[in-house]
Structures are given as C-alpha cells and as structure tokens.
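So the chains spell out like this:
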Amino acid sequence: TNIECRNAIINDDGTGAVWPKSDVIIGNPPYLGAKLMKRKLGVDITEAIRSNYEGRLPGFTDLVCYWFENGRALIEIGEVARVGFVATNSIRKNTNLPVMHRIAATTRIFEAWNEEKWTVDGAMVDVSLVCFGDNGGEAARLNDEIVAGINPDLTSGLNLTQAKALPENRDGAFLGIQKSGPFDVPGALARAWMSEPANPNGRTNKEVLKPYWNGDDLTGRPRDMWFIDLPLRLSKADAALFASPFNHLANTPDEDGKMVQELRAALGERAGPRWWEPHWPRPEMRSRIERLSRYIVTGETAEYRIFVWLAYPVLPDKNLIVIPREDDLMFGLLQNRFHEAWALRKGSDLQDRPRYTHTTTFATFPFPDGMTPDKAVAAARARPTAPAIETAAKRLDELRNGWLYPVDLIQRVPEIVAGFPDRTIPKDQKAARILATRTLTALYNERPGWLVEAHRLLDEAVAKAYGWPVDIETDEALRRLLELNLARS
C-alpha cells in the first residue's frame with residue numbers, strides 16, 4: 001500500500017501531482033527529450049505539464065527536469081531533506097540547465113558524477129547522478145573526489161554557467177532546415193526529375209531542387225543528397241504542379257511507415273498542416289546565406305569541432321549550425337583552440353560526441369575586441385592582428401581541402417543546373433577506394449604534422465588578437481574569456 005502507481009508529474013485533470021511525504025527521495029526518473037514529448041505523450045498532456053511549471057522551467061525542457069524541480073521545491077519548503085536522481089548527462093546543459101541553477105540557488109549540490117556509463121540490456125547511455133539538499137555539512141564530492149563546491153553544470157572550479165548571451169553576437173548563428181518529412185532525395189533521383197519536361201505550370205523541377213548537406217556530409221564524404229525546396233506559402237494546388245517532387249512528398253513514408261501528414265499531426269503543426277513545406281524552413285537563415293559567396297557551418301554533434309565552408313544553393317540540414325559570414329577572419333575566430341574549449345564546456349553532448357549549441361556557445365563566446373559579429377567586416381579586418389588570422393585560417397582550409405580532394409584523384413562534373421556547384425567524383429575505382437577513407441574525422445583522428453602546425457599558427461594568431469601569450473594554458477584562457485563575457489554582459 002506504500003506504492004502508488006500513477007503519473008508523478010500531472011493528474012488526470014491537468015493539475016500538478018502531489019508527492020507522498022518523505023524524508024529523502026531517490027530514483028531514476030523517465031527520460032524523454034523535450035522535442036519528443038508531444039509525439040510520445042501527446043500534445044494536450046505536454047502542454048498541461050509545461051503550463052503547470054510556467055515561470056519555473058523553460059517551456060522547452062526535458063521531461064526528467066520536472067522530477068528535479070519537484071524535489072528541489074520540497075527541499076525549499078522543508079518537507080524533504082535531500083534528493084538523489086539519475087538523469088542523462090544533458091541535465092547539466094542548455095535548456096535543462098535552469099533547473100540546476102534553481103537547485104544551486106536554493107539548496108546545495110553535495111555529490112555528483114557528471115558522466116557515467118549506464119549499460120542495460122545492450123543499450124548504453126551517458127548519465128549524470130546528482131545528489132542535492134542537506135547532507136549534514138559534509139564536504140562536496142564530484143566524481144568521488146572532494147571539491148570546494150559543485151557548479152550547476154556539475155563541474156568544479158571555474159563556473160562557466162555564469163556566462164550570459166552577448167548582444168554583439170545576436171543573430172550571428174542559426175540552425176539549418178528541419179525537414180520532418182521525406183524532403184531529401186538521392187542525387188540520381190533529383191537529376192532524373194530535373195531532366196523531365198516542364199510541368200503544367202510551365203516551370204521545371206530544377207526550380208525546386210537544391211544540394212543538401214547534413215553533419216555526415218561534413219565529417220565524412222558528401223552523400224550527393226538533394227532537397228525538395230518548394231517556395232514557401234504555396235497553396236497545395238500550386239505545390240502539386242511540381243508533380244514528381246510533390247508526389248514523392250505525398251506518398252513516401254518514413255522509416256517507421258508514417259506519412260509526412262501523420263508526422264506533422266503528431267508535432268502539433270503551428271500554422272496548419274502544410275506538410276509540403278519543411279517543419280522549420282528557417283527563412284531568416286536562408287535570406288542571409290543567399291547573399292553570400294560562401295558561408296560557414298559546423299556539425300551540431302560531432303567528435304571534433306570542425307568548421308567548413310559551404311556555398312548557396314547548397315542548403316544546410318538542422319544538424320548543421322550556420323554562421324552566415326564569408327570572411328576568413330570569422331572562420332579563424334571559430335576554428336581555434338579557445339573557441340573549441342569554450343564550446344566543449346558550454347555545449348552539451350550526445351553520448352561521447354560533443355554538441356555545439358549556438359544559443360549557449362556562439363551566443364556567449366566573447367570574440368576579440370573589434371572583431372565581434374556585430375562589427376562591420378571591413379572594420380574588423382582592418383584591426384592590426386586580423387591579417388595573420390585570415391592568412392592562417394585560409395591556409396588551414398586549403399590544406400584540408402587538398403587532402404580531402406587530391407587533384408590527381410578527382411574530377412569535377414558540372415551539374416545540369418546552371419549556377420549549381422559542380423560535383424566532385426573519383427577519376428577511377430582506385431581513386432574511389434582512397435577517397436572513401438579521406439574524411440575530416442579520419443584526418444583529425446590521425447592529426448598529421450602539417451595539420452597540427454596549421455592549427456598552431458592559427459591559435460597563435462588568435463591569441464595575439466586577445467593580447468594573450470601565444471602559449472597560454474587552456475584553463476587560463478577560459479578564465480579570461482569568462483571575465484570578458486561578464487564584463488560585456
């Protein structure tokens with residue numbers, strides 16, 4: 001009779017659940033990512049949960065955070081002494097971090113393991129174990145070692161969770177397109193559609209197909225995928241006039257056998273079931289990259305923090321973070337060890353792969369004086385230390401591309417649409433076998449001497465832009481970056 005089998009967060013009538021009285025609370029609450037809650041729990045239940053916690057937790061927070069907040073609230077009013085929970089390690093990052101800030105502000109995190117392997121039935125995830133409340137004044141322990149204190153992100157020492165979003169970085173980075181449907185098609189199919197006669201509206205399929213990159217194209221070899229890019233706000237009747245692409249969208253199920261119309265219904269579409277448009281088409285990002293000769297991207301989740309150039313009409317998937325700049329200076333200010341260290345601490349991770357979150361990483365990163373994203377590019381490039389960064393960044397990019405695409409192994413094939421990027425293909429089967437092994441992940445696994453040296457020169461140039469010693473320790477650089485952030489914010 002001591003066990004109650006019911007929803008621990010919300011009652012059937014939509015009110016918040018009240019927990020039984022207790023001295024301590026321990027458990028492994030259910031984990032469900034914020035973006036999956038509507039699909040798995042239903043729109044009504046998800047919105048009711050978020051409404052009950054409005055003002056306490058962000059609207060977009062993982063399900064497990066509501067257990068942490070309930071435990072914290074019971075400690076604050078004196079009904080519970082302490083709480084110990086297991087969560088995935090995303091509890092200490094990004095939109096989940098506010099609940100950890102609330103815990104640190106009203107009680108004390110006294111013991112934690114920030115990243116542990118959790119294996120069950122063949123599945124393995126990285127988890128965090130967090131104990132908070134009154135532990136009788138004993139010393140705090142992090143990963144089984146005594147520390148002076150534990151920060152909200154389950155670190156000790158320098159507390160980078162204090163860093164704030166900087167006004168000068170606003171609108172400097174964007175997510176790519178979230179399709180939520182069968183919008184990407186193999187290059188062979190796209191080229192077949194582009195070779196078809198004009199549609200009944202007199203327009204060809206060339207108008208609505210563009211090359212498309214995701215994180216795998218960046219870290220591996222380009223997959224030759226294309227994107228069905230119907231103009232936004234087309235009526236269903238007008239969209240259907242692009243016959244082959246529209247029919248593909250209407251009749252192609254996903255890997256679970258669901259049609260795009262079903263997927264949109266599960267997501268609770270914001271502006272009606274316009275399933276022939278991407279779920280998040282990112283028009284703001286599109287308008288920025290269309291005006292540039294090239295733009296910078298990095299994989300949202302990747303083993304290494306690597307930035308590369310793309311050029312419109314290539315479109316970026318949501319697994320890419322887009323920085324709409326075309327200058328080598330910004331490329332160099334991102335592709336260096338100081339920005340990488342900041343990203344590792346401020347981003348999150350997926351299993352063992354760090355995740356670059358532009359809202360917490362790019363938004364908070366303090367660029368060198370006079371080189372912040374809000375400055376005119378010409379003015380930033382006129383700074384005395386800028387030319388060395390540009391030269392080193394350009395050289396690094398050229399060397400990497402020379403390794404990825406050796407001139408004696410490749411040939412460029414013009415696309416059938418004027419103005420579209422040429423495709424790079426192997427010259428023969430032997431070249432194909434060699435090129436298949438040449439990926440940016442493989443390159444950074446190997447880290448040949450020329451790559452290390454190219455990065456060293458770039459790192460030194462960026463250190464000089466900050467006015468730091470070129471051999472500054474990473475921890476000291478992070479401390480100075482936090483000082484810069486706090487001074488500016």
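Refer to the preceding data block for the structure.
These remarks concern the structure in this document. Position labels on residues start from 1 in each chain and follow its written sequence. Totals for whole chains, interfaces and linings use all residues, but because this is a predicted model, local features are given only for residues with pLDDT of at least 70 and pairs of side-chain atoms are given and counted only at 80 or more. Where side-chain values are given, they derive from all heavy atoms of the structure, hydrogens and water being excluded.

## Looking at the nonpolar core
A general tendency of soluble globular proteins is for nonpolar side chains to be buried together. Side-chain atoms within 4.5 Å link the members of a nonpolar core, which is a set of buried Ala, Val, Leu, Ile, Met, Phe, Trp, Tyr and Cys residues. Relative accessibility decides the category of a residue: with a 1.4 Å probe and only protein chains considered, values under 20% of the type maximum give buried, values over 50% give exposed, and everything between is partly exposed. Formed by 91 residues in total, the largest nonpolar core has its most connected members in Ile323, Leu334 and Ile389. Helical segments are the DSSP runs of H or I of at least four residues, strand segments are the runs of E of at least two, and each set is numbered from the N terminus. Element by element, the count of residues in this core is highest for helix α17 (residues 449–466), at 8 residues. Note on contacts: a residue pair is in contact if any heavy atoms of the two residues lie within 4.5 Å. Once residues within four sequence positions are removed from consideration, Leu334 is found in contact with Ile296, Phe307, Ile323, His339, Tyr356, Phe362 and Phe367. Within the second largest apolar cluster, 36 residues are counted, among which are Ile25, Ile75, Ala112 and Leu154.

## A few points about the packing of aromatic side chains
What describes a pair of aromatic rings is the distance from one ring centre to the other and the angle between the planes of the rings. Centres within 6.5 Å are what make two rings of Phe, Tyr or Trp a pair, Trp counting through its six-membered ring; a difference in plane orientation under 30 degrees is then read as stacked, over 60 as edge-to-face, and the rest as tilted. Using the criterion set out here, one finds 15 aromatic pairs in the structure. Members of the aromatic cluster, joined through ring pairs, are Trp342, Phe362, Phe365 and Phe367.

## Digging into the sheet that holds strand β9 (residues 209–213)
Reading across from one edge, β8-β10-β9-β13 is the order of the 4 strands in this open sheet, with mixed pairing throughout. Of all the strands in the sheet, just β8 (184–186) and β13 (315–316) have a single pairing partner and so form its edges. Note on method: axes are straight lines fitted to C-alpha atoms, helices fitted across the in-contact stretch only, with angles between N-to-C directions ranging 0 to 180 degrees. The strands that helix α5 (residues 187–194) touches are β8, β9 and β10 (225–228); relative to β8, the one it contacts most, it runs at about 90°. Pairing between strands requires that DSSP locate at least two bridges from one strand to the other.

## Details of the sheet that holds strand β12 (residues 307–310)
Taken in spatial order, the 4 strands of this open sheet run β7-β14-β11-β12, and their pairing is antiparallel. Of all strands in the sheet, those with a lone pairing partner are β7 (174–175) and β12, marking the two edges. Relative to strand β14 (residues 320–323), strand β11 (residues 295–299) is paired through 4 bridges, and the arrangement is antiparallel. If you follow Val297 over to β14, its bridge partner there is Val322.

## Quick look at unusual backbone geometry
Geometrically, the link from Tyr312 to Pro313 is a cis peptide bond, its omega value of 25° lying close to zero. You can see Pro313 is positioned in the loop between β12 and β13. Backbone geometry at Arg233 places phi at a positive 70°, although glycine is not the residue there. By the secondary structure assignment, Arg233 is in the loop between β10 and α7 (236–239). With a relative accessible area of 69%, Arg233 lands in the exposed category.

## Considering the pairing of β14
Burial along β14 is two-sided: the face carrying Leu320 and Val322 and the face carrying Ile321 and Ile323 are both buried. With 2 bridges joining them, β7 and β14 adopt antiparallel strand pairing. Note on β14: the bridge partner recorded for Leu175 is Ile321.

## So, a nonpolar patch on the surface
Patches draw on residues past 30% relative accessible area with no salt bridge. Two like charges within 9 Å are joined, as are two nonpolar side chains (Val, Leu, Ile, Met, Phe, Trp, Tyr) within 5 Å. Under the convention used here, a 1.4 Å probe and the Shrake-Rupley method define accessible areas, while residue burial counts only the protein chains that appear. Any Lys or Arg side-chain nitrogen found within 4 Å of a carboxyl oxygen on Asp or Glu counts as a salt bridge. A grouping of Trp118, Val120 and Val125 is seen on the molecular surface, where their side chains present a nonpolar patch of about 230 Å² in accessible area. Residue position: Trp118 is located in strand β3 (residues 109–120). Relative accessible area serves as the criterion here: at 32%, Trp118 is assigned to the partly exposed category.

## A few points about the environment of Arg282
Position of Arg282 among the secondary structure elements: in the loop between α9 (260–267) and α10 (283–289). A residue is classified by how much of its surface remains accessible, and Arg282, at 17% relative accessible area, is buried. Sequence spacing of Arg282 and Lys318 is 36 residues, and the spatial spacing of their C-alpha atoms is 9.4 Å. For Arg282, the contacting residues outside a window of four places in its chain are Leu175, Gly176, Ile177 and Gln178.

## Comments concerning the pattern of salt bridges
Note on pairing: side chains with opposite charge can pair once their charged atoms come close. The final tally for this structure, using the stated rule, is 30 salt bridges. Arg72 serves as the salt-bridge partner of Glu69, at 2.9 Å between the closest nitrogen and oxygen. Here Arg72 and Glu69 lie together in helix α3 (residues 65–76), a separation of 3 residues that amounts to about one turn. Across the pair, exposure class does not vary: Glu69 and Arg72 are buried alike. A salt bridge links Glu115 to Arg92; the nearest nitrogen and oxygen atoms lie 2.9 Å apart. Here Glu115 is found in strand β3, whereas its partner Arg92 is found in the loop between β2 (82–88) and α4 (97–106), with 23 residues between them in sequence. For Glu115, a relative accessible area of 35% puts it in the partly exposed group. Among the charged side chains, a salt-bridge network with shared partners connects Arg56, Glu69, Arg72, Glu76 and Arg102.

Just distances and angles here, no functional claims.
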